[in-house]
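What follows is the residue order along each chain.
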Amino acid sequence: MMGVVWSLLGILSGAFIAIQAPINSQLARGLGLPVAAAAFSFLSGAIVLGIIAVTVMKLQSISLDWKAPAPWLFVVGGMLGGFYVTLSTILTPRIGAAALMAFLVAGQLLAGMLIDRIGFLGVAVREISLGRVAGAVLLLAGALLIRLY
């Protein structure tokens, strides 16, 4: 049962990404600068997540171990997210939300296959099989079809 719940939450998360792109694009049009829209998107998200994190820490009597993670981990994830939000904000009005989402999923799949193959940051190593390559090719073909038609 929990597998179904996790899968549905994954679908919901993907829907949020699709909804976020045109919202940020509209914000960028209003502000006149896509990177400013991305910055405000991150700022509002950081504030909300900060409030949630502090609340959960207090409710569960948890304290963060600020020394445990490598210092670069504090920055790189946010930088990658910033690039993602900025590029999505720029691309949505140019190629459309459906095409953008198709290309995003294709990029995620290709990067995920590479991450799995090399075991990046402790991820379990999984071989790149013929089935995975076929799936990636079909997904890329689908993304191109969505973009072209």
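Computed from a prediction, not measured in an experiment: that's the story for all the values here.

Quick notes on the rules
Starting from 1, residues in each chain are numbered consecutively following that chain's sequence as written. Where totals are concerned, whole chains, interfaces and linings use all residues; where local detail is concerned, this predicted model gives features only for residues with pLDDT of at least 70, and gives and counts side-chain atom pairs only at 80 or more. Only hydrogens and water are set aside when side-chain values are computed; all heavy atoms of the structure are taken into account. Each helix corresponds to a stretch of at least 4 residues labelled H or I by DSSP, and each strand to a stretch of at least 2 residues labelled E; elements are numbered beginning at the N terminus. For the exposure calls, accessible area comes from a 1.4 Å probe over protein chains only, and a residue counts as buried if that area is under 20% of its type's maximum, exposed if over 50%, partly exposed in between. We call two residues contacting when some pair of their heavy atoms lies within 4.5 Å. To be clear on the numbers: accessible area is Shrake-Rupley with a 1.4 Å probe, and residue cover counts the displayed protein chains and nothing else. UniProt positions are given in the numbering used here, feature names are shortened, and annotations may be inferred rather than shown by experiment. All domain edges in this entry derive from an automatic or database-based domain assignment. Put simply, buried area is how much 1.4 Å-probe accessible surface two parts lose in total, over both of them, once they are put together. Only one rule defines a salt bridge in this text: a Lys or Arg side-chain nitrogen within 4 Å of an Asp or Glu carboxyl oxygen. The definition of a polar contact used here is a pair of N or O atoms within 3.5 Å, where within protein one atom must be able to donate a hydrogen and the other to accept one, and adjacent residues in sequence count solely through side-chain atom pairs. Throughout, an axis means a line fitted to C-alpha atoms (over the contacting stretch in the case of helices), and angles, computed between N-to-C directions, take values from 0 to 180 degrees. In this scheme, roughly parallel covers angles under 35 degrees and roughly antiparallel covers those over 145, while 65 to 115 is roughly perpendicular and the rest are oblique. Crossing handedness is defined as follows: a turn of the near helix away from the far one that is anticlockwise and smaller than a right angle gives a left-handed crossing, while the clockwise case is right-handed. Under the convention adopted here, Pro, Cys and the residues Ala, Val, Leu, Ile, Met, Phe, Trp and Tyr are nonpolar, Asp, Glu, Lys and Arg are charged, and Gly plus all remaining residues are polar.

## Here we look at the overall build of the chain
Check the secondary structure of the chain and you find five helices and zero strands. Ordered by position from the N terminus, the helices and strands of the chain form the series α-α-α-α-α. Along the three orthogonal principal directions, the C-alpha set of the chain runs to about 50 × 45 × 35 Å. Sorting the 149 residues of the chain into buried and exposed places 17% on the buried side. Within the chain, residue pairs in contact and separated by at least 24 positions form 59% of the contacts whose partners lie at least 6 positions apart. Roughly 10,500 Å² of accessible area belongs to the chain as shown, and the carbon and sulfur atoms make up 76% of that amount.

## Remarks on the UniProt feature "transmembrane region" (unreviewed entry) in the chain
Following the UniProt record, the feature "transmembrane region" (unreviewed entry) maps to residues 36-59, 71-91, 97-118 and 130-148 here. Secondary structure across residues 97-118 divides into 100% helix and 0% strand, with the first and last C-alpha atoms of the span separated by 31 Å. Along residues 130-148 the backbone is 100% helical and 0% strand, and the end-to-end C-alpha distance reaches 27 Å.

## A closer look at the domain arrangement of the chain
Assigned domains within the chain: domain 1 (1-94) and domain 2 (95-148). Between the C-alpha centres of domain 1 and domain 2 the distance comes to 21 Å. Listed as interface residues are ten residues of domain 1 and, on the opposing side, eight residues of domain 2. When domain 1 packs against domain 2, the two sides together hide about 710 Å² of surface, and 76% of this comes from carbon and sulfur. Counting across the domain 1 and domain 2 interface gives zero salt bridges. Applying the counting rule to domain 1 against domain 2 returns two residue pairs in polar contact (both at pLDDT 80 or more).

## With respect to the side chain of Ser88
Here Ser88 lies in helix α3 (residues 73-95). Those residues in contact with Ser88, other than ones at most four positions away along the chain, are Ala21, Ser25, Leu100 and Leu104.

## Re the environment of Leu31
Along the chain, Leu31 turns up in helix α1 (residues 2-31). According to the relative accessible area criterion, Leu31 is partly exposed, its value standing at 45%. Among all residues touching Leu31, those that are not within four sequence positions of it are Ala36, Ala37 and Phe40.

## Let's talk about the packing of α1 against helix α2 (residues 34-60)
In the contact formed by α1 and α2, the axes pass within 8 Å of each other and the chain directions differ by 125°. With respect to α2, the axis of α1 lies oblique. Seen from above, α1 lies across α2 with right-handed handedness. Contacts between α1 and α2 involve Gln20, Asn24, Leu27, Ala28 and Leu31 from the first element and Pro34, Ala36, Ala37, Phe40 and Ser41 from the second. The residue inventory of the contact of α1 with α2, partitioned by class, reads seven nonpolar, three polar and no charged.

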